[in-house]
Number of protein chains: 4
Amino acid sequence: MSLRFAVLGAGRIGQVHARAIASVDGAELIAIAEPFEAAAKAAQEKFGCELRTIDEVAASDDIDAVVICTPTDTHADLIEKFAKVGKAVFCEKPIDLNVERVKQAIATVEAEGTTLMVGFNRRFDPDFMAVKAAIDNGTLGDVEMVTITSRDPGAPPAEYIKVSGGIFRDMTIHDFDMARWLLGEEIQTVMAQASNLVDPAIGALGDYDSVNVILRTATGKQAVITNSRRATYGYDQRIEVHGSKGMAAAKNTAEANIEVATADGFKQPPLLNFFMSRYTAAYANEIAAFVDAVAKGAETPTTGHDGLKALELAEAALKSAQTGQAVRL
Amino acid sequence: MSLRFAVLGAGRIGQVHARAIASVDGAELIAIAEPFEAAAKAAQEKFGCELRTIDEVAASDDIDAVVICTPTDTHADLIEKFAKVGKAVFCEKPIDLNVERVKQAIATVEAEGTTLMVGFNRRFDPDFMAVKAAIDNGTLGDVEMVTITSRDPGAPPAEYIKVSGGIFRDMTIHDFDMARWLLGEEIQTVMAQASNLVDPAIGALGDYDSVNVILRTATGKQAVITNSRRATYGYDQRIEVHGSKGMAAAKNTAEANIEVATADGFKQPPLLNFFMSRYTAAYANEIAAFVDAVAKGAETPTTGHDGLKALELAEAALKSAQTGQAVRL
Amino acid sequence: MSLRFAVLGAGRIGQVHARAIASVDGAELIAIAEPFEAAAKAAQEKFGCELRTIDEVAASDDIDAVVICTPTDTHADLIEKFAKVGKAVFCEKPIDLNVERVKQAIATVEAEGTTLMVGFNRRFDPDFMAVKAAIDNGTLGDVEMVTITSRDPGAPPAEYIKVSGGIFRDMTIHDFDMARWLLGEEIQTVMAQASNLVDPAIGALGDYDSVNVILRTATGKQAVITNSRRATYGYDQRIEVHGSKGMAAAKNTAEANIEVATADGFKQPPLLNFFMSRYTAAYANEIAAFVDAVAKGAETPTTGHDGLKALELAEAALKSAQTGQAVRL
Amino acid sequence: MSLRFAVLGAGRIGQVHARAIASVDGAELIAIAEPFEAAAKAAQEKFGCELRTIDEVAASDDIDAVVICTPTDTHADLIEKFAKVGKAVFCEKPIDLNVERVKQAIATVEAEGTTLMVGFNRRFDPDFMAVKAAIDNGTLGDVEMVTITSRDPGAPPAEYIKVSGGIFRDMTIHDFDMARWLLGEEIQTVMAQASNLVDPAIGALGDYDSVNVILRTATGKQAVITNSRRATYGYDQRIEVHGSKGMAAAKNTAEANIEVATADGFKQPPLLNFFMSRYTAAYANEIAAFVDAVAKGAETPTTGHDGLKALELAEAALKSAQTGQAVRL
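Just so it is clear, the structure is predicted and the values come from calculations on it, not from any experiment.

## Brief notes about the overall build of chain A
Turning to step 1, where the next piece is worked out: If you tally the helices and strands in chain A, you get 12 helices and 15 strands.
Turning to step 2, where the next piece is worked out: Here the C-alpha coordinates of chain A stretch approximately 55 × 50 × 45 Å along the principal axes.
Turning to step 3, where the next piece is worked out: Residue burial in chain A is summarised as follows: out of 329 residues, 59% are buried.

Structural data, given as C-alpha cells:
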C-alpha cells in the first residue's frame, strides 16, 4: 500500500516535492495545504489533489506523512504538531535557525517515537551517490580530503537574505552535511573566511556572499567548501573526494550534452541553472528513501540529528569568520 | 482538454509510450490493448488504466488517439483501421517492411484526412535537438557532412533478427531519418558495406551486424553512418554535423557524471545501456509533439512520408551492400 | 655514434625534419641542400649546419642518411640516386604520384640493399600510438571498425592543388596508411564519395575537398575515413577503433588545456592549427625510429611498400568516387 | 647575440634548466659546475658543454648569466657572489628558508644593480598563462576567488623533508606565488589547517603532508589552496579563477590524450607523473623570459620580492596551522 502524503506549503519547493511524490512508486499525494488561494488552486489543478488546511491535515485519517515546505520559522512547530498526531514528517532544511529550538523539536519527535527526515537532497543525487559508492566500496582507500564547490547562479533578493539566517545557515548548510557524509567522521574544527563581493545589499544586511571554509576531523581529515552567491555559467555543484588510493569527482550538469566548435573554439552550454532541474532525480530519490524508511520502520537516511549538526557547523563557521579563529565543536 | 490515448501492445516499447503519456501535460492514458493476459494485467496495474481489445478501442468514444506498439506486420493494417474511425495515430517505426504497403497505408490516412505520426524518437532527444538548433540558427553555416555513430550494447536474439527486416530496416533506419533531418536535403545516392562480425547466427540468417553507409544529396552534401550490433561500453549514440562555419556534436550519456582516478588512470562509468533510459526525455517530447500537433491540427514533426523515405534508404543501402554499387534513388 | 643527416629541401616540411633531427639523440644534422639562396641561408643560420648541393651531399663521406623534402616529382629520382650511393633514405610521402614509378623506385632500393623509410608521421604520434597499443595488448579484442576523421584548417591554394595529385593522393593518403596500420589487414575493397563544397577553385581543377571512404578487408573489417579541406575550429585529427571487447579513441589537441565559463557556456580554445605544432612529437619520434632502424640494420616501421599501398588505395578511392562502384584491389 | 649561461648544480632541476637553455633561441649553455665527478661528466656528455668550478664560472668572461640549482642553503650566498661580479642570476626557489637572509640577498642584488629572477616555473606554464590571459583581458570580470589544487604523485623521502623547510616552504610556496599572481592583490590574512595523513615519517619530523589554506586580500578576495603529498593518479596541478563575469580553469595533463571504453567504462591514462614532463614548456618559457628581460634591461617577471612574499606566506600559514588563528601580514 502507498504512503499517503500531504504537502504543507505550495511554494517552489513544495511543488518540487509534490512532483517528486507523484513520480515515486509507493507514494501518493492526497492533499496540499496552502494559505494563499491562488497558489493553492494552481497546485490543486497541477497535481490533481485535494486542498486542506494544516489542521485538517493533522486530523486526517487518510494522511500518513507530511512534507513541510512552509517558511523556516514554522518548521519546528509543525514538526512537533505532526509528530504528536503520529504522522511521519519530512521537513525541508533547516529545522530552525536556533540550535536550542532544533534540539527541542528533535526531542519531541523522539518522545513521540515518530519519524523525522530532514531534506538534504544532495545526498540523493545520483552522481554524488556514485562518488559515495566509490568511498564505500574501498576504491578511494582512506578518505583524506573533500572539496566541495557550490555556487548559486545568482544572489537572492534582500528580502530573502533577511530571513535566511545568513549564507552559512542557508547555503553552506548543504555543504556541511555533504562534508560530514563524505568524510564519514564528525567535524572537530571549523575555520572560515567570508567576504561580501557579489551584492553590496547583502553586506548591508550583515551577511556575506563569498565564503571558504576548512573543516577538520579528530583524525586530521579535512574538507574545503567554496561558496559564492554568483556563477554566471549556471548552478555550479561539484564534489571531489581524495583518498589514499585515489580520487572521485562529480562533475557539473550542462543544459545539453553537446559541443559546438567554431573559429572561437569549442563551446558547451551553461549548466542547468536551477536547483529544481539540477536535482530533479535527487528529490525523487529522497522521497523514495523516506517512503522506504517509513515502510520498514527504519531510520531515515538523513535525520534530525543531521539537521542539528549542519546547523552547529554553520554557527561555528560564522563565528570563525567573525573572529579569525578556528572554532572547536 | 487532454488528448485521450489507448496504447496498442504492452510490450517493452508499449510501456515506454504509456509512461511517456503519463508524464506529458495534456495527455491521458485511458486504455491498453494487449492480448497476453499476464502482460495486460501487469500494465493495467502499473499505469492504472483500463484494458480493452483493439476492436473495443476502435469503437470507444473516449479515445482520441492510439499508439501502435504491436508487431511490425500489423502496423499498416492498424494504421488504416484507426484512420478510418477517425483516431489520430502514432505508429512505431517501421510502418511496414514493404515499401508498397507503406505507400498504401499513407494513402489511406491521407484519404481519411486523419493524423499519422511515425515514431522516430531520436529527433526529440534534447541533445540532438540542440545540435539541430545549431544548424537552424546558422552557427554551423552550410551543412557539409553529417556523421552518425550508433552501436547497440548487444545483438538481439536470432528470433528477433528473423522478423526485423535486417539491420538496415531495423537499426539503421533511425540513422537514415536522422541524416535526412540533419542534412536538410533528400538523399540521392547511397553506398554501403555490410559485414557479419559480431554474431555468426546473424550471418546465418543472411543479415549483417556491422555496417557503414555513405549518403549523398544532389548538392554533394554527405552523411556517414556507422552501425554495430555490439558495444561493450553501453549504448553508443553520437551525431556530428560539420558545416562551413563550424561543427556541432552530441556526446554520449554515461550512467553517472563522475570520474574516479586511481593509479590506473581516470575512469567514467559506461554509457546508459538501453534505449529506454537513454531516450526517456525523447519519448516524452515525442508524445508531447504529437499531442501538440493534434491539438493544433498541424502536421506532425515526423510523418508517414518520413517513414517511407527511411525505408527506401534502407532498401537502397541493402542493395548497395549486396552489389557493391552506389544506388541512386 | 650519431647518424649524420642531410636534409634535401629547406621548405616547411624540410625545416620540420631539420628541427626533429636536432632534437633526437643519435641524430646529427650536417648539411641542408636548398636551391633558393635566401631559404638556404635562413636554414643554415637557424640550424647551424652546412649548405651543400644535392650532388655534393651524394658525394659526401660524412653523410649517412638523407631526408627528402623536395617537390614530389623529384622524390623517386632522388631515392634512386641516394640508394645507389649507399645512403639511408627517408622520403616524405608520396614517393611518386604514379604507381609504376613507385614500384620502380622500391625495386631500385631493394636491388641496392639500402634503407628506405616513407614519412607517415601519424603512426608516430604519441596519442595514436597509445590507441595502437590498446589494440596490440588485446584490450579491444578483435578490431572490427576504424573511424578516421581528418579535416584541414583550410584549403591549400590552387597552385598546390594542381601538383598535389588530388585530395585522395595528397590528404587521404595519410588516412589510408592509418587504416591499414590500425586494421592490421590489407584492404580488399574501396568505396568513396567525393564532393566539392569548400572552394569552387578546387572543383574547377577537377579535384574534391570533401570525401568519405569505406574500406573493407577480406575478413569484413571496415574503416571509414572522413576528410574535409575545411575546419574552422583547427586541425581536426581523430581516430577511433572499435573492437569485440571495447573502443579506443584519440582525441584532438587544443591550443591550451583550459576552459572558460561565462553566461554563454563553457569554452575551450580551438585546436592546434597546423600539422607542425600538432605533430611535433610525431616528427621527432619518426626520425628516432629511422635512426634506430638504420643502427640496427632492421626494417623501418614504414616502408616503400607502405607508400605504395597507400597510393594504390588513393587511386582506388578516386576511381570509386568517379564510377560509383566499389573498387576491388 | 645569445645570453651565455652556466648552470650551477647538475642535479635533477639543474638538468631541467640545462635542457631548457638548449631549447631556447638566444640562450647558450657554456658550462656546468657540479662537484660530483660522475654527475658532472654525465651532464657534460649530455649537453656538450664545459665543466668549470663555481669560482671559475664567477671569473669567466664568456658567461653572462648563472642558473643556481644547488642546495637551498647555498642559494643566498651564490646570489650575492654572482651579483657582485655582475652576472645576471636566475635562482631556483626558495632564495633561503630564512626571511631575513632573503631580504639581505635581495638588498645585495639591488645594491649591485644586477638582475635576479626567482624560479616560479608555474607562471610560465602555457595553460596557466591562458587562464591569466582570461583575467587580464577582462573575460572573468573582477576576480573573486582562486582555487589551487596541487598534489604530488608521492611523498619525498625523509632525508629531503628534513632540509625542505616543511611543506609550506617547499611545496605550497609555488601555490602562494600563483595565488598572488592570479588575485592581483597582496594577501592580508592567512588561515591554514595541516595534517599528517600520508606518511607517518613526515609527521615524526614535525612536518605535514595534507594542508588546506585560505588567503584573503584587503578587498576580501580569497584564494583556497589544497595540497597533498600523495596522488595515486599522477601529478595533480589545477587552478581555477572565479570572477564576477565568469570562471576559468586549467585542467590536468594526461600521459596521452586518448580514451579506452570497455564494459568497465571509459578510461583515460593517469596524469603526467613528474614536474619535469608536466612543466617542460614552462621551464623553457621561463628561461626565455629571463633571457628577454636581461636583453631589454627590464625587470624579470618573477623577482626576489616575489620569492620573499611567498616565503612570508609560508611562514604565516605554518603559524596559522599551529595556532588555529588567522595570521595577518
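## Considerations on the relation of the copies chain C and chain B
Turning to step 1, where the next piece is worked out: Mapping chain C onto chain B is achieved by rotating through 180 degrees and translating by 0.0 Å along the same axis, at an RMSD of 0.0 Å. Taken together, the rotation angle and the small translation identify this as a two-fold axis. Distance from the rotation axis, computed per C-alpha, reaches its smallest value in chain C at Q325(C): 2.2 Å.

## Concerning the domain arrangement of chain A
Residue and element names in this part refer to chain A.
Turning to step 1, where the next piece is worked out: The domains assigned to chain A are domain 1 (3–114) and domain 2 (123–273 + 309–328).
Turning to step 2, where the next piece is worked out: The gap between the C-alpha centroids of domain 1 and domain 2 is 28 Å.
Turning to step 3, where the next piece is worked out: Residue classes in the side of domain 1 that touches domain 2 are distributed as 4 nonpolar, 1 polar and 1 charged.

## Observations regarding the sheet that holds strand β3 (residues 50–51) of chain C
Residues and elements named next belong to chain C.
Turning to step 1, where the next piece is worked out: In space, the 6 strands of this open sheet follow the order β3-β2-β1-β4-β5-β6, with parallel pairing throughout. With one partner strand each, in any of the chains shown, β3 and β6 (116–119) form the two edges of the open sheet.
Turning to step 2, where the next piece is worked out: For strand β5 (residues 88–92) and β6, the ladder comprises 4 bridges, and the chain directions are parallel. When the sheet's bridge partners are listed, F90 is paired in β6 with M117.
Turning to step 3, where the next piece is worked out: Helix α1 (residues 12–23) rests against β1 (3–8), β2 (27–33), β4 (65–68) and β5 of the sheet, and its axis sits at about 150 degrees to β2.
Turning to step 4, where the next piece is worked out: This element, helix α4 (residues 72–84), spans β1, β4, β5 and β6 of the sheet and lies at about 170 degrees to β5.

## What to know about the interface of chain C and chain B
By a widespread convention, an interface's size corresponds to the accessible area lost as its parts come together.
Turning to step 1, where the next piece is worked out: Tallying the contact residues gives 28 residues for chain C and 28 residues for chain B.
Turning to step 2, where the next piece is worked out: Within the residue set of the side of chain C that touches chain B, elements represented by two or more residues are β7 (143–151), β8 (187–195), β9 (210–217) and β10 (222–228) of chain C.
Turning to step 3, where the next piece is worked out: In terms of residue class, the side of chain C that touches chain B is made up of 8 nonpolar, 16 polar and 4 charged.

## What about the sheet that holds strand β1 (residues 3–8) of chain B?
Where strands meet in a sheet, backbone hydrogen bonds hold them as pairs that are either parallel or antiparallel.
Residues and elements named next belong to chain B.
Turning to step 1, where the next piece is worked out: Pairing is parallel across the open sheet formed by 6 strands, whose spatial order is β3-β2-β1-β4-β5-β6. Two strands close off the open sheet at either side, each with one partner strand: β3 (50–51) and β6 (116–119).
Turning to step 2, where the next piece is worked out: Inspection of the sheet shows β1 paired to strand β4 (residues 65–68) by 4 bridges, in the parallel sense. Within the sheet, the bridge partner assigned to A6 lies in β4 and is V66.
Turning to step 3, where the next piece is worked out: The strands touched by helix α2 (residues 37–47) are β2 (27–33) and β3; relative to β2, the strand with the most contacts, the crossing angle is about 160 degrees.
Turning to step 4, where the next piece is worked out: Packed on one face of the sheet, helix α4 (residues 72–84) meets β1, β4, β5 (88–92) and β6 and runs near 170 degrees to β5.

## Topic: the relation of the copies chain D and chain A
Turning to step 1, where the next piece is worked out: The transformation that overlays chain D on chain A combines an axial shift of 0.0 Å with a rotation of 180 degrees, and the residual RMSD is 0.0 Å.
Turning to step 2, where the next piece is worked out: Most of the interface of chain D is mirrored in chain A: 100% of its interface residues are interface residues there too.

## Here we look at helix α12 (residues 304–323) of chain D
It helps to recall that an α-helix has 3.6 residues per turn; residues three or four apart then point in one direction.
All names here are of chain D.
Turning to step 1, where the next piece is worked out: The first and last C-alpha atoms of α12 sit 29 Å apart over 20 residues, in line with the 28 Å expected at 1.5 Å per residue.
Turning to step 2, where the next piece is worked out: Looking at the packing, one finds that the buried side of α12 touches α5 (99–112), β6 (116–119), α8 (167–183), β8 (187–195), β9 (210–217) and β15 (327–328).
Turning to step 3, where the next piece is worked out: G324 sits one or two positions beyond α12 and adopts a positive phi of about 75 degrees.

## Looking at the pairing of strand β13 (residues 258–262) of chain D
Turning to step 1, where the next piece is worked out: Of all 5 residues that make up β13(D), 4 are buried, and the element is covered over most of its length.
Turning to step 2, where the next piece is worked out: Sheet topology places strand β12 (residues 247–250) of chain C next to β13(D); 4 bridges connect them, and they run antiparallel. Each bridged residue has a counterpart across the sheet, and for M247(C) the counterpart in β13(D) is A261(D).
Turning to step 3, where the next piece is worked out: Relative to strand β14 (residues 265–268) of chain D, β13(D) runs antiparallel, the two being bridged by 3 bridges. Note that in β14(D) the partner of T262(D) across the bridge is G265(D).

## Re the interface of chain D and chain A
Turning to step 1, where the next piece is worked out: If you look at the interface, chain D gives 28 residues, while chain A gives 28 residues.
Turning to step 2, where the next piece is worked out: Of all the elements in the fold, those that place two or more residues in the side of chain D that touches chain A are β7 (143–151), β8, β9 and β10 (222–228) of chain D.

## Regarding the confidence of the model for chain A
Turning to step 1, where the next piece is worked out: Looking at chain A as a whole, the pLDDT averages 96, with 100% of positions reaching at least 70.
Turning to step 2, where the next piece is worked out: The ipTM, which scores confidence in the relative placement of chains, is 0.95 for this predicted complex, and the corresponding pTM is 0.96.

## So, the environment of P153(B)
Turning to step 1, where the next piece is worked out: Note on placement: P153(B) falls in the loop between β7 (143–151) and α7 (158–164).
Turning to step 2, where the next piece is worked out: Setting aside residues up to four positions removed in sequence, P153(B) forms contacts with A231(B), G234(B), Y235(B) and N273(B).

## Topic: the nonpolar core
Turning to step 1, where the next piece is worked out: I79(A), I79(B), I79(C) and I79(D) are the most contacted members of the largest nonpolar core, which has 464 residues in total.
Turning to step 2, where the next piece is worked out: In this view, I79(C) contacts I68(C), V89(C), C91(C), I95(C), A105(C), V109(C) and L116(C); residues no more than four positions away in its chain are not counted.

## As for the pairing of strand β4 (residues 65–68) of chain D
All names here are of chain D.
Turning to step 1, where the next piece is worked out: Here β4 shows no split at all, with A65 and V67 on one side and V66 and I68 on the other all buried.
Turning to step 2, where the next piece is worked out: Relative to strand β5 (residues 88–92), β4 is paired through 4 bridges, and the arrangement is parallel. Bridge pairing in β5 places I68 opposite C91.
Turning to step 3, where the next piece is worked out: Tracing the backbone out of β4, into helix α4 (residues 72–84) and back to the parallel element β5 gives a crossover that is right-handed.

## Concerning the environment of N196(C)
Turning to step 1, where the next piece is worked out: Position of N196(C) relative to the elements: it lies in the loop between β8 and α9 (200–204).
Turning to step 2, where the next piece is worked out: Sequence separation between N196(C) and A43(C) is 153 residues; the distance between their C-alpha atoms is 37 Å.
Turning to step 3, where the next piece is worked out: In this view, N196(C) contacts G220(B), I202(C), G203(C), Y208(C) and D209(C); residues no more than four positions away in its chain are not counted.

Each value, and the rule that gives it
- Residues numbered from 1 in each chain as written.
- Chains lettered and ligands numbered in written order.
- Predicted model: local features only at pLDDT ≥ 70, side-chain atom pairs only at ≥ 80, totals over all residues.
- Helix = DSSP H or I, 4+ residues; strand = E, 2+ residues; numbered from the N terminus.
- Buried ≥ 20, exposed ≤ 12 C-beta atoms within 10 Å, placed from the backbone.
- Least-squares fit on C-alpha atoms with pLDDT ≥ 70 in both.
- Domains from an automatic or database assignment.
- Nonpolar A, V, L, I, M, F, W, Y, C, P; charged D, E, K, R; others polar.
- Pairing = 2+ DSSP bridges.
- Contact = placed C-beta atoms within 7 Å.
- Axes fitted to C-alpha atoms, helices over the stretch in contact; angles between N-to-C directions.
- Expected span 1.5 Å × (residues − 1).
- pLDDT = per-residue confidence, 0-100.
- Core = buried A, V, L, I, M, F, W, Y, C linked by C-beta atoms within 7 Å.
- Right-handed = clockwise from strand over helix to strand, strands pointing away.

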